[in-house]
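# Descriptive analysis of the structure
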Amino acid sequence: MEELLRRELGCSFVKATGHTGGGCISQGQSYDTDKGRVFVKVNPKAEARTMFEGEMASLTAILRTGTVRVPKPLAVLDGPGGGSMLVMEHVDMRYLSSYAAKLGAQLADLHLENRRLGEALRKEGGTVGRGGGQVERTFVDQFGFDVVTCCGYLPQVNDWQKDWVVFFARQRIQPQMDMVERASGDREARELWAALQLKIPELFQDLEVIPALLHGDLWGGNVAEDASGPIIFDPASFYGHSEYELAIAGMFGGFSSAFYSAYHGRIPKAPGFEKRLQLYQLFHYLNHWNHFGAGYRGSSLNIMRNLVQ
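Residues numbered from 1 in each chain as written. Predicted model: local features only at pLDDT ≥ 70, side-chain atom pairs only at ≥ 80, totals over all residues. Heavy atoms only, no water.

Definition in use: UniProt positions are given in the numbering used here, feature names are shortened, and annotations may be inferred rather than shown by experiment.
The name that an unreviewed UniProt entry assigns to the protein chain is protein-ribulosamine 3-kinase, with the source organism given as Trichechus manatus latirostris. Quoted verbatim from the Sequence similarities (unreviewed entry) field of UniProt, the annotation for the protein chain is "Belongs to the fructosamine kinase family."

### Remarks on the domain arrangement of the protein chain
Interface size is commonly expressed as the accessible surface area that is lost when the partners come together. Operational definition: Each domain span listed reflects an automatic or database assignment of domains. Contact between two residues is taken to exist if any of their heavy atoms lie within 4.5 Å; hydrogens are not considered. Buried area: the accessible area, evaluated with a 1.4 Å probe, that two parts lose upon being put together, summed over both parts. Any carboxyl oxygen of Asp or Glu that lies within 4 Å of a side-chain nitrogen of Lys or Arg is treated as forming a salt bridge with it. What qualifies as a polar contact is a pair of N or O atoms within 3.5 Å, subject to a donor-acceptor requirement within protein and to the restriction that residues adjacent in sequence count only when both atoms come from side chains. A run of H or I in DSSP counts as a helix once it spans at least four residues, and a run of E counts as a strand once it spans at least two, with each numbered from the N terminus. In this classification, the charged set is Asp, Glu, Lys and Arg, the nonpolar set is Ala, Val, Leu, Ile, Met, Phe, Trp, Tyr, Cys and Pro, and all remaining amino acids, among them Gly, are polar.
As far as domains go, the protein chain holds domain 1 (1–90) and domain 2 (95–127 + 135–308). Relative placement of domain 1 and domain 2: their C-alpha centres are 25 Å apart. Each side of the interface is counted separately: domain 1 has 19 residues, and domain 2 has 26 residues. Summed over the three residues of domain 1 that lose the most area to domain 2, namely Thr67, Val68 and Arg69, the buried surface amounts to 28% of that side. Between domain 1 and domain 2 we count two salt bridges in total. Taken together, the links from domain 1 to domain 2 amount to five residue pairs in polar contact (both at pLDDT 80 or more). Counting residues per element, the side of domain 1 that touches domain 2 draws most heavily on helix 2 (residues 48–65), at 11 residues. Its residues assigned to classes, the side of domain 1 that touches domain 2 shows 10 nonpolar, five polar and four charged.

### Examining the nonpolar core
One broad rule of soluble globular proteins: the nonpolar side chains tend to lie buried together. Rules: Nine residue types can take part in a nonpolar core, namely buried Ala, Val, Leu, Ile, Met, Phe, Trp, Tyr and Cys, and a core is a set of them joined through side-chain atoms within 4.5 Å. Each residue is placed in one exposure class: buried if its accessible area under a 1.4 Å probe, protein chains only, is under 20% of its type's maximum, exposed if it is over 50%, and partly exposed if it falls in between.
One finds Trp164, Leu279 and Met304 to be the most contacted residues of the largest nonpolar core, which totals 64 residues. It is helix 8 (residues 273–292) that provides the largest number of residues to this core, a total of nine residues. Contact partners of Leu279, with chain neighbours within four places excluded, come to Phe168, Leu196, Ile200, Leu203, Phe204 and Leu307. Listed in part, the 12 residues of the second largest apolar core include Leu5, Tyr31, Val40 and Val87.

### Things to note about the packing of helix 5 (residues 187–199) against helix 9 (residues 297–308)
To be explicit about the condition: Fitted lines through C-alpha atoms serve as axes, helices being fitted only where they are in contact, and the angles separating the N-to-C directions of these axes extend from 0 to 180 degrees. Take the far helix as the reference: if the near one is turned anticlockwise from it by less than a right angle, the crossing is left-handed, and if turned clockwise, right-handed.
Helix 9 packs onto helix 5 with a crossing angle of 35° between their chain directions and a minimal axis gap of 9 Å. Of the two possible hands of crossing, helix 5 and helix 9 adopt the one that is left-handed. On the side of helix 5, the interface is formed by Glu188, Ala189, Leu192, Trp193, Ala195, Leu196 and Lys199, while helix 9 contributes Arg297, Leu301, Met304, Arg305, Leu307 and Val308. Split by residue class, the contact of helix 5 with helix 9 holds nine nonpolar, no polar and four charged.

### Here we look at the pattern of salt bridges
Following the criterion strictly, the structure yields 20 salt bridges and no others. Here Arg6 ties to Glu3 by a salt bridge, and the two come within 2.9 Å at their closest N and O atoms. Of this pair, Arg6 and Glu3 are both found in helix 1 (residues 2–9), three residues apart, which corresponds to roughly one turn of the helix. Relative accessible area serves as the criterion here: at 45%, Glu3 is assigned to the partly exposed category. Across the pair Glu188 and Arg305 runs a salt bridge, and its minimum N-O distance is 2.8 Å. One end of the pair, Glu188, is in helix 5; the other, Arg305, is in helix 9, and 117 residues separate them in sequence. Counted as one network, the salt bridges with shared partners bring together Asp186, Glu188, Arg297 and Arg305.

### Thoughts on the packing of aromatic side chains
This is how it is decided: For this analysis, a ring pair means two rings from Phe, Tyr or Trp (six-membered ring only for Trp) whose centres lie within 6.5 Å, classed as stacked if their planes differ by under 30 degrees, edge-to-face if by over 60, and tilted for the remaining angles.
Enumeration according to the criterion identifies 17 aromatic pairs in this entry. Measuring from centroid to centroid gives 6.4 Å for Trp164 and Phe238, while their planes differ by 10°, and the two rings are stacked. On the criterion of sequence distance, the pair formed by Trp164 in helix 4 (residues 164–184) and Phe238 in strand 11 (residues 238–240) is long-range, its members being 74 residues apart. Each member of the pair Trp164 and Phe238 is classed as buried. Pairing Phe167 with Phe238 gives two aromatic rings, centres 5.7 Å apart and planes at 25°, and the pair type is stacked. Separated by 71 residues along the polypeptide, Phe167 in helix 4 and Phe238 in strand 11 bring together distant segments of the chain.

Rendered as structure tokens:
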């Protein structure tokens, strides 16, 4: 591994530090180099390159906003024994506590950044674009992302769409329902989803949704802090509705009232927020069902039952 990193990163010195980490998807290891300490995520699966390229693009997009800190991504490489690796800046992280309010404010700034670009554009009478890979920040007027990103290890459909409701129903919930159908042919889930599709537009009446760059998988295990402030990592980014971000944040804990107060101080709750939050949590419960099994079936169906009433 050290030789591979030396060659690919152009370093003369690479040595493992003994600092390891990882979750249920990938494993990680830190290395000291003459260019600074790096953290390397490794996954042996063939599809890992898609996952890591999506993560690198997500980190890069968030980094460019200058709003909330993420580890700086360096490279996606082929693994020495197959699979792929993502190399990024090493950050000494600890549990989020002192900087919860600051994270709430910075996350709101991340979500508002594209809106502010649009407002500046209107004032200047400039041109509108998707942003893409340009270095210059331009207003993104659609929902989606330039590359596939993975929430967990499952790829997300990020094709650009003008309409948020269409994007969410077709490219977030429908693929998850298709996986449920292939795995179990769950009739009740299928019938509830057919009914819910007709109800979704009602949840967005009189609501303007401006595309916001999202982390995409912001649960308590993907936030931290160091001495300088908060850090978010392991993103699955796309341009979507800012409220979507708070769905998984509220499912598994890890976020204090100070976080929410600071966030909503900058982005107040719009009418119908609580029901839309349930809708967005449906995606994550379905995604967990497809990752970890039918233990998440009950939560998924309960949300659909509540929303179709």
